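Coordinate inspection notes
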Amino acid sequence: MNDLADLQSAAEGGDARAQFDLARRLYDENRPGEALPWLERAAKGGDAQASLALGMRMLTGHGAPMNPKAGGQYIADAARRGDPEACRAFAALAAEGCTMPQDWAGALDALQRGAELGEASCREQLALLTSDNAARAAIEAGDASETIWAQARAAIDIPAWLRTVPGKSLSQAPRIWTFDDFLEPEICAWMIRQADGKLTPAAIYDDTSGAPLKSERRSNTHCVFHPVRADVVQAIVRARIAKVAALPQDHLELLSVLHYDPGQEFRRHVDFLDANLPRLAEELARFGQRLATCLIYLNEDFDGAETEFPVLALKWKGKIGGAILFWNVEPSGALDRRTMHAGRPPTRGEKWLLSQFVREKPQPLPSP
């Protein structure tokens with residue numbers, strides 16, 4: 001049914017699939033005001049793909065008013081109706097506690113259902129997270145039986161994945177902690193795969209406007225993971241970071257993966273927000289200070305590329321999965337300018353780094 005008139009006629013007759021197809025056509029023609037009512041009708045009419053599409057648009061504010069809670073409900077409905085991609089998306093939202101209460105069991109159930117429906121990421125995540133080696137081997141070999149997904153899901157131990165990672169103090173003033181083996185190598189490899197091919201030039205805060213600004217001070221690329229692109233594995237990583245920072249998970253900004261080719265760098269800078277800059281003062285009032293920064297090295301086959309603290313005459317470089325957590329403020333809350341740091345350039349090979357900022361207040365869901 002390709003003719004627009006025929007499609008509209010079927011949509012007006014109550015055909016939910018035609019309503020969804022008509023909405024997509026209208027969105028493609030940049031007519032969101034006309035498209036949205038049809039998408040809403042299709043979703044309310046029981047079309048799972050329409051529910052997923054509407055939920056995603058409500059999470060991002062693209063083509064629909066931003067309404068994260070309602071968006072999460074539409075995605076949950078699409079997952080219940082058996083849409084494979086909705087199962088993946090719902091699993092990520094439930095694991096993160098984004099738009100809904102955090103529910104690890106529900107997240108794993110959604111992964112299992114998505115895997116049974118053939119969704120590739122759900123299958124890969126089950127294979128990565130399960131402690132059942134036989135199930136993992138079967139999945140990776142492509143020999144999975146119909147029952148293997150339940151077998152893999154049953155052997156995922158969330159408390160073990162959320163273990164407390166021991167650290168050691170690198171500096172007491174400013175407060176800097178390092179953690180060996182913060183992430184398993186296979187989790188590091190997963191994060192690199194999720195970012196690879198999605199990298200964009202990284203930016204800095206503009207001192208005048210507070211908006212992102214491309215600058216010669218920062219030449220690396222990055223990938224920022226909005227919840228619509230997140231997964232259960234990333235939620236586990238973020239939960240570990242929240243635990244060592246001793247703050248709730250909803251105080252974390254969006255997670256990002258940084259990439260440095262030889263010669264690329266992020267010159268000396270601080271991560272706290274300066275209230276003396278008007279636009280940053282406004283952001284501070286709404287979202288709170290950027291209290292801490294966590295960096296995790298995702299690979300080690302490169303030379304150079306240390307994290308440098310020039311005021312402390314200190315350079316640190318982690319092995320695969322090694323993390324550093326430093327507080328951008330003093331215990332009193334005063335800005336700690338000793339945390340000025342730089343991402344030094346690789347002299348050989350490429351560097352992959354996970355970056356996570358921790359804020360003073362719960363963070364709203366931003367538009368990507």
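You'll find the structure just up there.
Once a new chain begins, its residue numbering starts again from 1 and follows that chain's sequence as written. Reporting of local features is limited, given that this is a predicted model, to residues whose pLDDT is at least 70; pairs of side-chain atoms are given and counted only at 80 or more, and all residues count toward the totals for whole chains, interfaces and linings. Only hydrogens and water are set aside; all other atoms, that is, all heavy atoms of the structure, feed into the side-chain values.

A few words on the side chain of Glu-119. One can find Glu-119 in the loop between α7 (104-116) and α8 (120-129). A simple rule labels every residue: compare its accessible area, found with a 1.4 Å probe on the protein chains alone, to the largest value its type can have, and call it buried under 20%, exposed over 50%, or partly exposed in between. Positive charges come from Lys and Arg, negative ones from Asp and Glu, while His and the chain ends are left out of the count. What makes a salt bridge here is a side-chain nitrogen of Lys or Arg within 4 Å of a carboxyl oxygen of Asp or Glu, nothing more. One buried charged residue, Glu-119, remains without a salt bridge, the closest side chain of opposite sign being Arg-88 at 4.7 Å. Setting aside anything within four residues of it in sequence, one finds Glu-119 in contact with Pro-84, Glu-85, Arg-88 and Gly-114. Segments assigned H or I by DSSP are reported as helices when at least four residues long, segments assigned E as strands when at least two residues long, and all are numbered from the N terminus. Contacts are assigned to residue pairs that have any heavy atoms within 4.5 Å of one another.

Moving on: unusual backbone geometry. The step from Ala-173 to Pro-174 runs through a cis peptide bond, and the omega angle for that step is 5°. By the element assignment, Pro-174 lies in the loop between β1 (168-171) and β2 (176-179). Although it is not a glycine, Ala-246 sits at a positive phi angle of roughly 60°. If you trace the backbone, Ala-246 turns up in the loop between α13 (232-245) and β7 (255-260). In this structure Ala-246 comes out as exposed when scored by relative accessible area, which is 65%.

This part takes up the pattern of salt bridges. Inspection of the entire model under this criterion finds 22 salt bridges. Glu-85 is the salt-bridge partner of Arg-88, the closest N and O atoms lying 2.9 Å from each other. Of this pair, Arg-88 and Glu-85 both sit in helix α6 (residues 84-96), 3 residues apart, which is roughly one turn of the helix. According to the relative accessible area criterion, Arg-88 is buried, its value standing at 9%. Each of Arg-17, Asp-21, Arg-24 and Asp-47 takes part in salt bridges that share partners, so that together they form one network.

Moving on, we get to the nonpolar core. Take the buried residues of types Ala, Val, Leu, Ile, Met, Phe, Trp, Tyr and Cys, join any two whose side-chain atoms come within 4.5 Å, and each joined set is a nonpolar core. In this structure, Trp-104, Val-232, Ile-296 and Leu-298 are the most contacted members of the largest nonpolar core, which totals 76 residues. Per-element accounting of this core gives the leading share, 9 residues, to α13. When neighbours within four sequence positions are excluded, Ile-296 is seen to be in contact with Phe-182, Leu-183, Val-237, Ile-241, Gly-321, Gly-322, Ala-323, Trp-352, Leu-353 and Leu-354. Within the second largest apolar cluster, 21 residues are counted, among which are Ala-11, Tyr-27, Ala-35 and Leu-36.

It is worth spelling out a negative patch on the surface at this point. Together, Asp-196, Asp-261, Glu-300, Asp-301 and Glu-350 line one region of the surface with negative charge. Examined against the element boundaries, Asp-301 turns out to sit in the loop between β9 (290-297) and β10 (303-304). Patch building starts from residues that exceed 30% relative accessible area and form no salt bridge, then joins like charges within 9 Å and nonpolar side chains (Val, Leu, Ile, Met, Phe, Trp, Tyr) within 5 Å. Reported accessibility uses the Shrake-Rupley method at a 1.4 Å probe radius. Residues are deemed covered only where the shown protein chains occlude them. Note that the charge is assigned to NZ on lysines, CZ on arginines, CG on aspartates and CD on glutamates.

One bridge is not enough; two strands pair if DSSP finds at least two bridges between them. The pairing of β1 with β2 spans 3 bridges and is classified as antiparallel. The residue bridging Ser-171 from the neighbouring strand is Ile-176, located in β2. Between the antiparallel neighbours β1 and β2 lie 4 residues.

This part is about the pairing of strand β13 (residues 323-327). Of all 5 residues in β13, 5 are buried; the element is thus mostly enclosed. Here β13 shows a buried face lined by Ala-323, Leu-325 and Trp-327 and a second buried face lined by Ile-324 and Phe-326. Examined bridge by bridge, β2 and β13 share 4 bridges and lie antiparallel to one another. Across the sheet, Trp-177 pairs through a bridge with Leu-325, a residue of β13. Bridge count for β9 against β13 is 5 bridges, and the pairing is antiparallel. Within β13, the residue paired with Cys-294 across the bridge is Leu-325.

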